[in-house]
Amino acid sequence: MPLELALTERRKQLHCLQQIEQIIGASQGSIDDILQQTVDTIPHAWLHAAHTVARISRGSKVYQTGNLDHCRSVQSSPIKANDTIYGRVDVGYTETFAEAIEGPFLTEERLLLDTIASRLGSLIAKAIAEEGLNRTLDENEKLYKQLLTVLGGMAEMRDPYTAGHQQRVDQLALAIGVELGLPVRQLEGLQLAASVHDIGKIMIPAELLCKPTTLTRHEYDLIKDHAEAGYNILKDVDFPWPIARIVHEHHERMDGSGYPNGLRGDELLLESRIVAVADVVQSMCAHRPCRAGLGCDAALAEISKNRGKLYDADVVDACLRLFNEKRYVCGC
């Protein structure tokens, strides 16, 4: 082969590999999309490109640029990784050409075909591994959600007020999160944490939770322990969201006057600040064993008065928009 033609062929082959890497790197789609784009790229790298047909087979799926059965000559390479074969890459000529190294195919074309097949093998093996990992993560998340549902059920059996309150708080917290434009994944963790934010109350004596008269200072201090107790119940579970931390922080305040650790401002997760506001609003709206509900207006007045002091200003603003502009209803 003349030197100039040989250089042209090498450039075509390098360009083919570069294109395939760009397809893999840029693709946000499925393996199917990548394989179809790849097979469309292959023929241009062969010496007789106008008469070249390429096919990639993976299981029952076939991606091709033409009918390989009509080809006079075909070369193939298995798509494999770690000794597992996932399919095959075939390249054929529809016309008869002079003999070269491998039938009418060049030595460099064999090397290129094997390189493409190897690259696709690595890609498919990685995709299969990621699918397995994602499937495991999905199954784990279902278990986490079931665990939180069970914990919420335990709270309901012991103290119906706590369970109903948690359900209302998780609805309002989610609505605030949506109003703030949080991403779906963050909203998911926010709502789950809000749904069990008072789970630590299962460690508090039931007679205190249901006491129909005003609590003493000592009794109130015991109830305040529920944030720490909830954290201790949840902290050893490796949730994909910061559930335990949100539960721990939902009574903290922006100025550091909250409990149990006196955290302030940016030391608190945004989700914790959202649950704090939702908790206050729903607590004030609802009837308690020791008092009648104070009403929605009183609750909104409380967060407005302490906007930026006790409660995150952006969270308060979002909550007020929900009630004042979007007709959100407490559900108490």
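Residues numbered from 1 in each chain as written. Predicted model: local features only at pLDDT ≥ 70, side-chain atom pairs only at ≥ 80, totals over all residues. Heavy atoms only, no water.

Peer 1: Can you walk me through the overall build of the protein in this structure?
Peer 2: Broken down by element type, the protein carries twelve helices and four strands. Its C-alpha radius of gyration of 32 Å places the protein more than 25% over the 20 Å reference for a compact globule of 332 residues. Taking the principal axes of its C-alpha atoms as reference, the protein extends roughly 100 × 35 × 30 Å. Expressed as a percentage of the 332 residues in the protein, the buried residues total 45%. Within the protein, the 46 negative side-chain charges are centred at a point lying 4 Å from the centre of the 35 positive side-chain charges. (Helix = DSSP H or I, 4+ residues; strand = E, 2+ residues; numbered from the N terminus. Rg over C-alpha atoms; globule rule 2.2 N^0.38 Å. Buried < 20%, exposed > 50% of the residue type's maximum accessible area, 1.4 Å probe, protein only. Lys, Arg positive; Asp, Glu negative; His and termini not counted. Charge placed at Lys NZ, Arg CZ, Asp CG, Glu CD.)

Peer 1: Teacher, can you tell me more about the pairing of strand β3 (residues 73-81) here?
Peer 2: Each regular strand shows side chains that alternate between the opposite faces of the sheet. With nine bridges connecting them, β3 and strand β4 (residues 84-93) associate as antiparallel partners. From the neighbouring strand, K80 faces β4, where its bridge partner is I85. With antiparallel pairing between neighbouring strands as the criterion, β3 and β4 make up a hairpin whose turn holds two residues, including N82 at a positive phi of roughly 55°. (Pairing = 2+ DSSP bridges.)

Peer 1: Could you clarify how one ought to interpret unusual backbone geometry in this entry?
Peer 2: For residues other than glycine, phi is negative in most cases, and the peptide bonds are mostly trans. Going from Y259 to P260, the amide bond is cis rather than trans, its omega being 10°. Here P260 is to be found in the loop between α9 (243-249) and α10 (270-285). With a phi angle near 55°, R327 is a residue other than glycine that sits in the positive phi range. Relative to the helices and strands, R327 resides in the segment after α12 (313-324). Judged by relative accessible area, which is 73%, R327 ranks as exposed.

Peer 1: Would you explain the sheet that holds β3 in this entry?
Peer 2: Whether parallel or antiparallel, the strands of a sheet pair through hydrogen bonds between backbone atoms. The strand order across the open sheet built from four strands is β2-β1-β4-β3, with neighbouring strands paired in antiparallel fashion. At either end of the open sheet lies a strand with only one pairing partner, and these are β2 (61-64) and β3. When strand polarity is set aside, the average angle formed by the axes of neighbouring strands in this sheet is 20°. Taken together, the six bridges between strand β1 (residues 52-58) and β4 define a ladder with antiparallel strand orientation. For T52, the partnering residue across the bridge sits in β4 and is Y93. (Axes fitted to C-alpha atoms, helices over the stretch in contact; angles between N-to-C directions.)

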